[in-house]
Structures are given as C-alpha cells and as structure tokens.
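Analysis of the macromolecular model
So the chains spell out like this:
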Number of protein chains: 2
Amino acid sequence: MAKKHLAAVVLAILLALAAGATGMRASEIDDGMPLIHMLRPLLHSGGDLGRRGRVPCDSWRFAVETNTLRDWDTVPARCEKYVGNYMLGGHYRSDSRAVANEAIAYAEGLNLTGQGKEVWVFDVDETTLSNLPYYAKHGFGVEPYNWSTFGAYVKEANAPVLPETQRLYKRLQALGIKPVILTGRREDKREATANNLAAAGYTGYLKLLLKPQNVKVSSIEFKSGERKKLQDAGYVIVGNIGDQWTDLLGEPEGGRTFKLPDPMYYIG
Amino acid sequence: MAKKHLAAVVLAILLALAAGATGMRASEIDDGMPLIHMLRPLLHSGGDLGRRGRVPCDSWRFAVETNTLRDWDTVPARCEKYVGNYMLGGHYRSDSRAVANEAIAYAEGLNLTGQGKEVWVFDVDETTLSNLPYYAKHGFGVEPYNWSTFGAYVKEANAPVLPETQRLYKRLQALGIKPVILTGRREDKREATANNLAAAGYTGYLKLLLKPQNVKVSSIEFKSGERKKLQDAGYVIVGNIGDQWTDLLGEPEGGRTFKLPDPMYYIG
C-alpha cells in the first residue's frame, strides 16, 4: 500500500514536470481523465532544429495532421522525444478531448428520424483503442513499422481504450445512433479485435468490418467502399471518426468527419 | 541610423521573449525570414481553461486546423492572447514553413511534361497575402467579421506577403509550373487585389480568378467549379494551396493539397 502511494506521488511529480515542459498547467492534465498508459514522461522536445530546411517538430506535426505531409514512413529521429512528450504529457489527450467534445455537440444537434438507420463509423487503432503501450516501446513511430511484432501485440487483445472516443461512443448510443466499427485490420484479427473491443467496454455495435485477408486495396478504397455499402443498405452515416485522413476521405464521407490526433504513423 | 539599430535590438529582445513563451528557441525564429508584421508579441496563452468541456486553446486550434471544428464565427475570447502569440511569436511562420517545404519537395519530384499545361492553384487571403496587420488590430479573430472595415482594408491593397508562399510561388515558376490565383474575394476587388499582388512581388501568374459580384455561392462550390473549368480547358492542377479547407476540398482537388495555418477565421 505504501509502495503504491509512493508510486502515485512520483507519477504526479513527473506529470507536473511534463506539464511544465509542454507549457501546460498541471491542472489542465489532472482533470480526472483516466491515463491511457503510464510511462516516464519525456521532457525534451526534439533537438537539432536549426539546420536549413528543418522545421520544429511541432510544425512537422502540423503538416502531418493537416494531410499536407503524406506517405511518410517514420517519425523523424530528432522528433522522438517531442512525440513521446506529446503522447504522454497531456497534449494528446486534450487534443482528443477537443475532437470528442465537438463530435458530441454535433451529434446532440442532429435531427434524428428515430428509424434507427443512423450510424456513426469508428476506426479502431488510435481511435477506439490506443496502441500507445506498443509504440512507447518502439520509439513512438521512429522505428520502422514491424508487421510481426505489431501483429503479435494485436493478437494479445490488450490495447487500452481511448477514453475520449468511448465517451463519444456511449453518448451516440444514448442518442440512438448505432456505431459501426470499420478497420484496416485484416480478417485474421477479427477475434482478437472483437475481444479487445469487448474488454475495453465497446458493446452493442452494429457491425465490425475488417479488411479481407488477401485483397490488395488501399485504406481509402476499402473504407469508402464499405461506407458506400452501408449507404446502399439504407443506413445514414451521420459521422465518421478516425486518426488517419484515409479513414475520413473518399465518397461517401458521411455527414461530418472528425480527425483524431496521431503523430506516430501514417496509413496510405 | 542609430534609431533604426535600436529598434532592431528591441525587436530581437521581444522575439526572444516570445520564443521563450512558446517554448521555441530564438535560433528557430531568427532564421533570416522577413517578418510579416511587427507588433508587441503577446506572451500569455489563454487563461480560464479549467472549466468542464473547455479545452486548451492549442487543442481548439487542433480541431480547427483538422476540419473537425466547422462554421465557427469567432475565436473564443479566452484564446485571443493564445492566437496573437501563435501568429506573432514564430509558431505561425514555422508551421507555414513546414507546409512550403513539403510543397516544394513534392513539386521538385514531379515528372513534368514540359507542355506548359501544369498549374498550381493559390488562394489569396492568408496564403499569398497576409492580413495580419488587420487582424492584429481586431482581436486576432475574436471580433466578429466586419464586412465594411475589412473591405476598406482590402481596397488599400497594402497587405504584406506571406514569405513562405512566395518562396513556393517562385520555385514553381522556375520549375515551369504556372500559378493560378483563385480567391473568394469578389470582382469589385479585382483591381485592389491585382495591385496588392504586384506590390508584394507576385508576377507572371496565368489567371486571377475572383468570385462574381452578385452570385450566392459557397467557397467550396465556387472554387471546385473554377478548378473543374481549368481542368476542362486542358490544364493539369498539380497542386493547390490555401489556409481554409474550403480552398482545398471538392472535386477536382488537384494532385495534392497543402493546408496553411489559419486560427483566425473560418470561411464556409
């Protein structure tokens, strides 16, 4: 018990330090939101920014999040600490909160027909579930994507919830909007994904749609194709949330799109 | 001469202070880029963030820049100082630089036909030209849009250049890609806009396209319609840059889109 208490005190101090490093006040991150993943906060923010052509890691992130930078393989090595600090220091969570708040406000303002045909599309990775425990051990996106180690992590079905998305999910259900889960994970991950979603508290969704096992199709083609099928089946996609632009773009996009942050990887 | 020197020293000190406030090093903003607009940097970053439902101004900006937050009228009053500091403290410029760098890298990698049919679409406000002198006097977007005072400012034809966009513009011309200026400003501003562009150093563009005077059309409809006409006339739109998502979205979008920062206003 004493050990646990000490750990909590140490964590609080580290979070306060991280908050200082990002220019945030401790009160902004100690807001009762459960922590996704506890790790030593990384206090630096990307050195080596002075060279010609290079931009601060925060501006690199701007270009990533606005779909200006595309098809990038890995986070620049100089930005590992910046991204780590962003992900663990409260900033990621408050950006996610801004998105969830807006999505809920939009949903609450909808004029629903009550016919039960309204659906909302959710992505999985970095949207309903967080792979931060994995990426924290793999350089926050600095290491090249490893199909085999990430696949093994997914099979563990132990990824934590992204609490802001879950808040949206439950609010939508209360409003009568049915969640549809649409992921680029392939069919061989269906059981692990369903188990992980259930363990994280996502229940009552209409469909769980995964990519067919051996079909070569881009994320944007697969996802817009599945949305088209939903629409053709009479569903009305009132909203669509994901961390990748390829989750969101491509007709039909649904009534509104909601872009969650993800400075760790790019999916084309 | 001595007076000028003193002013330069004072400016350097203020910039260093602003850099400290944003967590940036002075070396990152003192990189020889000309200043758009000199004003006392605002050092605070939006108080009153602790209330339920509210997010830090930086997260509000994330939602704005990712097209999650739409149809907003004004910057939240609590974020005036944050936005002012962002716009004047080096952050806006380095975000713009990240976008211009990526656009130039993309353009340099294109396989051009040499037939002179490749064009690049540029927006005007907060893209080729900066209205920061106006917005700095009007609360950085906190004050409601004033058609009459902003119209008078545009007629002055005195808006400074956004240097990062100009660097891209000149590089594209050197590569043989022709700029097309496409703006939501109406035809009655044609002369002022042409004069302002010329004074700011934008010469040799293929077309200057403005909105017809009395037609009610959304920005996205007008701009995608004009891009369609360019395409139908045999031009190949290899790139498209603007500060609003309504500059960029809507078929045809062109080969790539480049989103410049703008936390001051929204155009639907």
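Everything quoted here is computed from the prediction, not taken from an experiment.

1. Notes on the packing of helix H3 (residues 57-65) of chain A against helix H3 (residues 57-65) of chain B
Look at H3(A) against H3(B): their axes get within 10 Å of each other, and the N-to-C directions meet at 35°. As H3(A) runs across H3(B), the sense of the crossing is right-handed. Here H3(A) contributes A:Asp58, A:Arg61, A:Phe62 and A:Glu65 to the contact with H3(B), which in turn contributes B:Asp58, B:Arg61, B:Phe62 and B:Glu65. Residue composition of the contact of H3(A) with H3(B), grouped by class: two nonpolar, no polar and six charged.

2. Comments concerning unusual backbone geometry
Residues and elements named next belong to chain A. Looking along the chain, the bond that leaves Glu251 and enters Pro252 is cis, with omega of -10°. Structurally, Pro252 is set in the loop between helix H11 (245-248) and strand E5 (257-259). Positive phi outside glycine occurs at Asn67, with the angle close to 65°. Note that Asn67 resides in the loop between H3 and helix H4 (80-88).

3. Regarding the confidence of the model for chain A
Here chain A shows a mean pLDDT of 86. Residues at 70 or above account for 80%. Below a pLDDT of 50 lies the segment residues 6-52 of chain A, which in the model reaches 78 contacts outside its immediate sequence neighbourhood of four places, other chains included.

4. Topic: the side chain of A:Arg185
All names here are of chain A. Checked against the element boundaries, Arg185 lands in strand E2 (residues 178-186). For Arg185, a relative accessible area of 7% corresponds to the buried category. A polar side-chain atom of Arg185 sits 3.0 Å from a polar atom in the side chain of Thr193. Discounting residues that sit within four places of it in the chain, Arg185 has contacts with Val124, Asp125, Leu129, Asn131, Val154, Thr193, Leu210 and Lys211.

5. Let's talk about the side chain of B:Ser59
Looking at the element boundaries, B:Ser59 is found in helix H3. In this structure, B:Ser59 is in contact with A:His91, A:Ser94, A:Asp95 and A:Ala98, ignoring residues within four places of it in sequence.

6. Focus on the sheet that holds strand E4 (residues 236-242) of chain B
Residue and element names in this part refer to chain B. Read from one edge to the other, the open sheet built from five strands follows the order E3-E2-E1-E4-E5, with strand pairing classed as parallel. Each edge of the open sheet is held by one strand with a lone partner, namely strand E3 (207-211) and strand E5 (257-259). The mean inter-strand angle of the sheet, taken between neighbouring strand axes irrespective of direction, is 20°. With four bridges joining them, strand E2 (residues 178-186) and E3 adopt parallel strand pairing. Among the inter-strand pairings, Val180 is bridged to a residue of E3, identified as Lys207.

Criteria and thresholds
- Here the residue index of a chain counts from 1 through its sequence in written order.
- Chains and ligands are labelled by the order in which they are written, letters from A for the one and numbers from 1 for the other.
- pLDDT decides what is reported in this predicted model: residues at 70 or higher carry local features, side-chain atom pairs at 80 or more are listed and counted, and totals for whole chains, interfaces and linings draw on all residues regardless.
- Calculated side-chain values reflect all of the structure's heavy atoms, with hydrogen atoms and water omitted.
- For helices, the axis comes from a line fit to the C-alpha atoms of the stretch in contact; other axes are also lines fit to C-alpha atoms, and the angle between any two N-to-C directions lies between 0 and 180 degrees.
- Only DSSP runs of H or I with at least four residues qualify as helices, and only runs of E with at least two residues qualify as strands; both kinds are numbered from the N terminus onward.
- Each helix crossing is assigned a hand: it is left-handed if the near helix lies turned anticlockwise from the far helix by less than a right angle, otherwise right-handed if that turn is clockwise.
- Here, residues are in contact when the closest pair of their heavy atoms is within 4.5 Å.
- Residues are sorted three ways: Asp, Glu, Lys and Arg are charged, Ala, Val, Leu, Ile, Met, Phe, Trp, Tyr, Cys and Pro are nonpolar, and all the rest, Gly among them, are polar.
- Per-residue confidence from the predictor is reported as pLDDT, a score between 0 and 100.
- Residue burial is assigned from relative accessible area. The probe radius is 1.4 Å, only protein chains are included, and a residue is buried under 20% of its type maximum, exposed over 50%, and partly exposed in between.
- Any N or O atom pair separated by 3.5 Å or less is treated as a polar contact, with the protein-specific requirement of one donor-capable and one acceptor-capable atom, and with residues adjacent in sequence counted only for side-chain atom pairs.
- When DSSP finds at least two bridges between two strands, those strands are taken to pair.

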